[in-house]
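Now for the letters of each chain:
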Amino acid sequence: MTYYRTIHFSDTDAAGVVYFAALLSICHEAYENSLQVAVIDLKTFFTNSDIAIPIIHAEIDFYQPLFCGDRIQINLTPVQLNETEFEINYQVFHESNLEKLIAKATTKHVSINPKIRKRSPLSLPIIQWLQSN
């Protein structure tokens, strides 16, 4: 899955470069967009009282700074780890140079029953989304 985005002023820090948490947030936008493309209703997905899929780990590495106005391309690859977990690997490029990796990130997600806070199997729509990417 590919997601395109322009870096906004609000994504940057006092030095004028993208703040690490902002790029993780942009990666999450790419994840949400991927779910929408797979025809998963985000309102239902994020307000479901029977299942929640929190992020349990996130990491990001930067290889070059990003600035306000930069156009980026994010390639995301979700991978099912087991019946309750998946991770998403993100690769960030300048839209004008898809040969040079700007940053990479990973988020790890776990499926839980939010009422009892115990792991539960991934839902069928998420499994289908994982298999389609």
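You'll find the structure just up there.
Residues numbered from 1 in each chain as written. Predicted model: local features only at pLDDT ≥ 70, side-chain atom pairs only at ≥ 80, totals over all residues. Heavy atoms only, no water.

Draft legend 1. Highlighting the pattern of salt bridges. Scanning the model with the defined rule gives six salt bridges in all. Glu85 is paired through a salt bridge with Lys108; the nearest N and O atoms lie 3.4 Å apart. Of this pair, Glu85 sits in strand E4 (residues 85–94) while Lys108 sits in strand E5 (residues 97–110), and the two are 23 residues apart along the sequence. Across the pair Glu85 and Arg119 runs a salt bridge whose closest N-O atoms are separated by 2.5 Å. With Glu85 in strand E4 and Arg119 in strand E7 (residues 118–119), this pair connects stretches of sequence that are 34 residues apart. Residue classification places Arg119 among the partly exposed residues on the basis of a relative accessible area of 48%. One connected set of salt bridges, linked through shared partners, spans Arg5, Asp11 and Glu29. (Salt bridge = Lys/Arg side-chain N within 4 Å of Asp/Glu carboxyl O. Helix = DSSP H or I, 4+ residues; strand = E, 2+ residues; numbered from the N terminus. Buried < 20%, exposed > 50% of the residue type's maximum accessible area, 1.4 Å probe, protein only.)

Draft legend 2. Summary view of the sheet that holds E4. The strand order across the open sheet built from five strands is E1-E3-E4-E5-E2, with neighbouring strands paired in antiparallel fashion. Here the strands that pair on one side only, and so sit at the sheet edges, are strand E1 (2–6) and strand E2 (55–62). Taking each pair of neighbouring strands and ignoring which way they run, the sheet shows an average axis angle of 25 degrees. In the sheet, E4 pairs with E5 via 10 bridges, with the strands oriented antiparallel. The partner of Ile88 across the bridge, within E5, is Thr107. Lying on the sheet, helix H3 (residues 124–132) is in contact with strand E3 (71–80) and E4; it crosses E3 at an angle near 115 degrees. (Pairing = 2+ DSSP bridges. Axes fitted to C-alpha atoms, helices over the stretch in contact; angles between N-to-C directions. Contact = heavy atoms within 4.5 Å.)

Draft legend 3. Looking closely at the packing of aromatic side chains. Enumeration according to the criterion identifies four aromatic pairs in this entry. When the ring of Tyr31 is compared with that of Phe86, the centres are 6.4 Å apart and the planes differ by 55 degrees; the resulting orientation is tilted. Here Phe86 lies in strand E4 and Tyr31 lies in helix H1 (residues 20–37), a separation of 55 residues in the sequence. On the accessibility criterion, Tyr31 (1% relative accessible area) is buried. Phe86 gets classed as buried once you look at its relative accessible area, which sits at 0%. Here Phe86 and Trp129 contribute two aromatic rings whose centre-to-centre distance is 5.6 Å and whose plane-to-plane angle is 75 degrees, an arrangement assigned as edge-to-face. On the criterion of sequence distance, the pair formed by Phe86 in strand E4 and Trp129 in helix H3 is long-range, its members being 43 residues apart. (Phe/Tyr/Trp six-rings, centres within 6.5 Å; stacked < 30°, edge-to-face > 60°.)

Draft legend 4. Structural view of a nonpolar patch on the surface. Together, Tyr19, Phe20 and Phe62 make up an exposed nonpolar region whose accessible area comes to about 300 Å². In this structure, Phe62 sits in strand E2. Residue Phe62 is classed as partly exposed on the basis of its relative accessible area, which comes to 34%. (Patch = residues over 30% accessible without salt bridge, like charges linked within 9 Å, V, L, I, M, F, W, Y side chains within 5 Å. Areas by Shrake-Rupley, 256 points an atom, 1.4 Å probe, with all protein chains shown as cover.)

Just distances and angles here, no functional claims.
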